[in-house]
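Okay, here's what each chain looks like letter by letter:
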Amino acid sequence: MKEYKASCDLERCFLCSRCLKDWLPAVAVHKKNYRIKKGQPLFTEGEAVKGIYFIYEGKAKVHKRWDDEKELIIRFAKSGDIVGHLGLGNDPYFPVSATALEPVTVCYIDMPFFQSTLAVNFNLVSDLLRFFANELQESERRMRNMVHMPVKARIAQALLQLQQQFGADEEGYIDIELSRQDLASFSGASYETLFKVINELSAQRMMKASGRRFSILNMRKMTALVAQGRDYAI
C-alpha cells in the first residue's frame, strides 16, 4: 500500500460529510491517502487495528474466512463508504478482510484521532450508531436467509441488492464487475450452484451475464422470485 499524494475533497466520505466544518482542517492534517491496486488488501482478517478506512474512489469487498478454502463476502463498499469499523470493538484485531475489486483510493485515519473525532462530532456518532444498527439487521437477515431461503432466491436477491447499491451502466449491466466466485460468496452459494442458477435465470430471460458483468432483464420476475423465497423462509 503506497501513500497517495492527491488530496480528497473533505466532503464525500462517511467521516467528512458528517463532521463539523470547523473540524475539517484537523481531518486534513491527520488523514493519509493510500492507493491500492486491484486484488490487494486494505487490511486482513486477524491484523491489528490501527485506524479506519474511508473509500474515496473505487470499490472493495469486505469478506471473512468461511473455512480453509471458502470465504463469505459480507458487503461491498464504494466511494464514500467506511470500512474497518468492525475493528472498533474490544478485540483490537480486524474480524474481516477488505480487498480492492479495482484500483482504490482510501482516506486513512489513525485510531487515536478517530476517537477524538467521535468525542466532538455528535452527528457522526449518531449516524455511525444507525449504520451499525442497519448492518446488524442486514447480517441477521442474511444469516436467516442462508439457512432457510432457497439458493435460487438468494442469488436473485444478491443481484437485486447489487443493482440497488451500484446502479446500472449505459448498457444496463450492474455497475460493478465481479467474478462468479465473488457472486457465489456473496450469495452463500457454491460456484457450481451459482453457475447452474445463472444459466436457469438467463434461459428464463430474467438476467444475462457476460464475463464479470451481470444485468437484470426482468425486475418484476426477479423481485417475485425473492418474495417467494422469503415466504419459504418464514
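Residues numbered from 1 in each chain as written. Predicted model: local features only at pLDDT ≥ 70, side-chain atom pairs only at ≥ 80, totals over all residues. Heavy atoms only, no water.

A. Structural context of the overall build of the protein chain. A tally of helices and strands in the protein chain yields seven helices and eleven strands. Taking 234 residues into account, the globule formula puts the C-alpha radius of gyration at 17 Å, and the protein chain, at 19 Å, falls close to it. Reported as C-alpha extents along the three principal axes, the dimensions of the protein chain are approximately 55 × 35 × 35 Å. Of all intrachain contacts in the protein chain linking residues separated by at least 6 positions in sequence, the fraction that spans at least 24 positions is 71%. Of the roughly 12600 Å² that the protein chain leaves accessible, carbon and sulfur atoms contribute 51%. With 33 positive and 28 negative side-chain charges, the protein chain shows a separation of 3 Å between the mean positions of the two kinds. (Helix = DSSP H or I, 4+ residues; strand = E, 2+ residues; numbered from the N terminus. Rg over C-alpha atoms; globule rule 2.2 N^0.38 Å. Contact = heavy atoms within 4.5 Å. Areas by Shrake-Rupley, 256 points an atom, 1.4 Å probe, with all protein chains shown as cover. Lys, Arg positive; Asp, Glu negative; His and termini not counted. Charge placed at Lys NZ, Arg CZ, Asp CG, Glu CD.)

B. Region of interest: the pattern of salt bridges. Overall, the coordinates contain 13 salt bridges when judged by the stated rule. We note a salt bridge from R213 to D169, for which the minimum N-O separation is 3.1 Å. Taken as a pair, R213 in strand β11 (residues 213-216) and D169 in the loop between α4 (151-166) and α5 (180-187) lie far apart in primary sequence, 44 residues in all. Where R213 meets E171, a salt bridge forms, and the shortest distance between an N and an O atom there is 3.1 Å. (Salt bridge = Lys/Arg side-chain N within 4 Å of Asp/Glu carboxyl O.)

C. Examining the pairing of β11 more closely. Alternating residues of β11 divide into R213 and S215 and F214 and I216, and every residue in both groups is buried. Strand direction decides the pairing type here: strand β10 (residues 207-210) and β11, joined by four bridges, are antiparallel. Paired with S210 across the two strands is R213, which belongs to β11. (Buried < 20%, exposed > 50% of the residue type's maximum accessible area, 1.4 Å probe, protein only. Pairing = 2+ DSSP bridges.)

D. Here's a closer look at the nonpolar core. Counting 39 residues, the largest nonpolar core has L15, L42 and F54 as its most contacted members. Membership of the second largest hydrophobic core comes to 28 residues, among which are I73, A156, I198 and I216. (Core = buried A, V, L, I, M, F, W, Y, C linked by side-chain atoms within 4.5 Å.)

E. Highlighting the side chain of R75. Position of R75 among the secondary structure elements: in strand β6 (residues 71-77). Polar side-chain contacts of R75 include one of 3.1 Å to the side chain of E135. The contact partners of R75, leaving out residues within four places of it in the chain, are A60, K61, V62, D81, I82, V83, H85, F131, E135 and F186. (Polar contact = N/O pair within 3.5 Å; in protein donor to acceptor, adjacent residues only side chain to side chain.)

F. A look at the sheet that holds strand β3 (residues 41-43). Spatially, the four strands line up as an open sheet ordered β3-β8-β5-β6, and their pairing is antiparallel. Two strands bound the open sheet, and with one partner strand each, they are β3 and β6. Adjacent strand axes in the sheet meet at a mean angle of 30 degrees when their direction is disregarded. Bridge count between strand β5 (residues 60-65) and β6: six bridges; the pairing is antiparallel. Bridge pairing in β6 places K64 opposite L72. (Axes fitted to C-alpha atoms, helices over the stretch in contact; angles between N-to-C directions.)

G. Representation of the packing of aromatic side chains. Applying the stated criterion across every chain yields a total of nine aromatic pairs. Plain terms: the ring middles of Y34 and Y108 are 6.1 Å apart, the flat faces sit at 70 degrees to each other, and that makes the pair edge-to-face. You can see Y34 sitting in strand β2 (residues 32-36) and its partner Y108 sitting in strand β9 (residues 104-110), a full 74 residues away along the chain. For Y34, a relative accessible area of 15% puts it in the buried group. Residue Y108 is classed as buried on the basis of its relative accessible area of 14%. Seen from their ring centres, F54 and F114 are 6.4 Å apart, and the 50 degrees between their planes marks the pair as tilted. With F54 in strand β4 (residues 51-57) and F114 in helix α2 (residues 111-120), this pair connects stretches of sequence that are 60 residues apart. For F54, a relative accessible area of 0% translates into the label buried. Three or more aromatic residues link up through ring pairs in this structure, and these residues are Y34, F43, Y53, F94 and Y108. If you follow R18 out to its NZ or CZ, it ends over the ring of F14, 3.9 Å from the centre. (Phe/Tyr/Trp six-rings, centres within 6.5 Å; stacked < 30°, edge-to-face > 60°. Lys NZ or Arg CZ within 6 Å of the ring centre and 35° of its normal.)

H. Focus on the state of the cysteines. Evaluation of the coordinates by the stated rule reveals zero disulfides. C13 forms no disulfide, and the closest cysteine sulfur to it belongs to C16, at a distance of 3.6 Å. Given a relative accessible area of 7%, C13 falls into the buried group. Cysteine C19 shares no disulfide, and the gap to the nearest cysteine sulfur, in C16, comes to 6.2 Å. Classification of C19 by relative accessible area gives buried; the value is 11%. (Disulfide = S-S within 2.5 Å.)

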